[in-house]
Amino acid sequence: MVMGMDTHNKLKQLLAERHWTTYRLSKESGLSQSTIANIFKRNTDPNLTTLEAVCSGFGITLSQFFADHELVELSPELKDLFECWTPLAMEQKAAVLQVMKTMNLK
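Numbering of residues starts from 1 in each chain and follows the order in which that chain's sequence is written. The predicted origin of the model limits local features to residues at a pLDDT of at least 70 and limits the giving and counting of side-chain atom pairs to 80 or more, whereas totals for whole chains, interfaces and linings rest on all residues. The basis for every side-chain value is the complete set of non-hydrogen atoms in the structure, without hydrogens or water.

**Re the overall build of the protein chain**
Stated precisely, the cut-off is as follows: The way it works is that DSSP assigns letters per residue, a run of H or I at least four long becomes a helix, a run of E at least two long becomes a strand, and they are numbered from the N terminus. Only protein chains enter the accessibility calculation, which uses a 1.4 Å probe; a residue is then buried when its area is under 20% of its type maximum, exposed when over 50%, and partly exposed in between. Whether two residues are in contact is decided by their heavy atoms, any of which lying within 4.5 Å being enough. Surface exposure here means Shrake-Rupley accessible area, sampled with a 1.4 Å probe, where a residue is shielded only by the protein chains that are shown.
What the protein chain contains, in helices and strands, is seven helices and zero strands. When the helices and strands of the protein chain are read in sequence order from the N terminus, they spell out α-α-α-α-α-α-α. Of all 106 residues assigned to the protein chain, the portion counted as buried reaches 32%. In the protein chain, of all internal contacts separated by at least 6 residues, the share reaching a separation of at least 24 is 51%. On the protein chain, roughly 7300 Å² of surface is accessible, and the fraction owed to carbon and sulfur atoms is 57%.

Below, the structure is given as structure tokens:
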């Protein structure tokens, strides 16, 4: 369970800002409609894995979700990069960063 803020209000705010339905959120996040519906109907906080998928669907990070300031949406390129980056092991992330740093030197 993710605690510390009113998750439901934040989710409703993000849906309203984008003029999205819960159906659209389910499609964008890869979660089932019943999973999204249960968050609201049962008034339960999503677990971390579910919230990560929701944030990915919205094109934001968990940090942005919990931030008190204006959200900055990820571009499609950054969203793709983020989705590829997230499942990598720490060693893989270090290797990717090294490659990127090397490429930026040229």
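**Thoughts on the nonpolar core**
Short version of the rule: To define a nonpolar core, start from buried Ala, Val, Leu, Ile, Met, Phe, Trp, Tyr and Cys residues and group those joined through side-chain atoms within 4.5 Å.
In terms of nonpolar packing, the biggest core is built from 15 residues, with Leu11, Leu25, Val54, Phe58, Ile60 and Phe65 touching the most fellow members. Among the elements of the structure, α1 (7–18), α3 (33–41) and α4 (48–58) are those that each provide at least two residues to this core. Looking at this core element by element, the count peaks at five residues for α4. Ignoring sequence-local partners within four residues, the contact set of Val54 consists of Leu11, Leu25, Ser29, Leu31 and Ile36.

**Looking at the confidence of the model for the protein chain**
If pLDDT is low for a region, its predicted coordinates should not be looked at in detail. Our working definition: Summary of the metric used: pLDDT quantifies the predictor's per-residue confidence within the range 0 to 100.
Summing up the model confidence of the protein chain, the mean pLDDT is 85 and the portion of residues at 70 or higher is 90%. Helix α2 (residues 22–29) holds the highest mean pLDDT among the elements of the protein chain, 94, whereas helix α6 (residues 76–85) holds the lowest, 84.

**Considering the packing of aromatic side chains**
Spelled out, the test is: Here is the rule: rings of Phe, Tyr and Trp (six-membered ring for Trp) pair when centre to centre is within 6.5 Å. Planes less than 30 degrees apart are stacked, more than 60 are edge-to-face, and the remainder are tilted.
On inspection of all chains with the given rule, the structure shows two aromatic pairs. Here the aromatic rings of Trp20 and Phe58 are separated by 5.3 Å at their centres, their planes lie at 20°, and the arrangement is stacked. Taken together, the positions of Trp20 in the loop between α1 and α2 and Phe58 in helix α4 put the pair 38 residues apart, joining distant regions of the chain. Each of the two residues, Trp20 as well as Phe58, counts as buried. On the numbers, 5.1 Å between centres and 85° between planes, the contact of Phe65 with Phe66 is edge-to-face.

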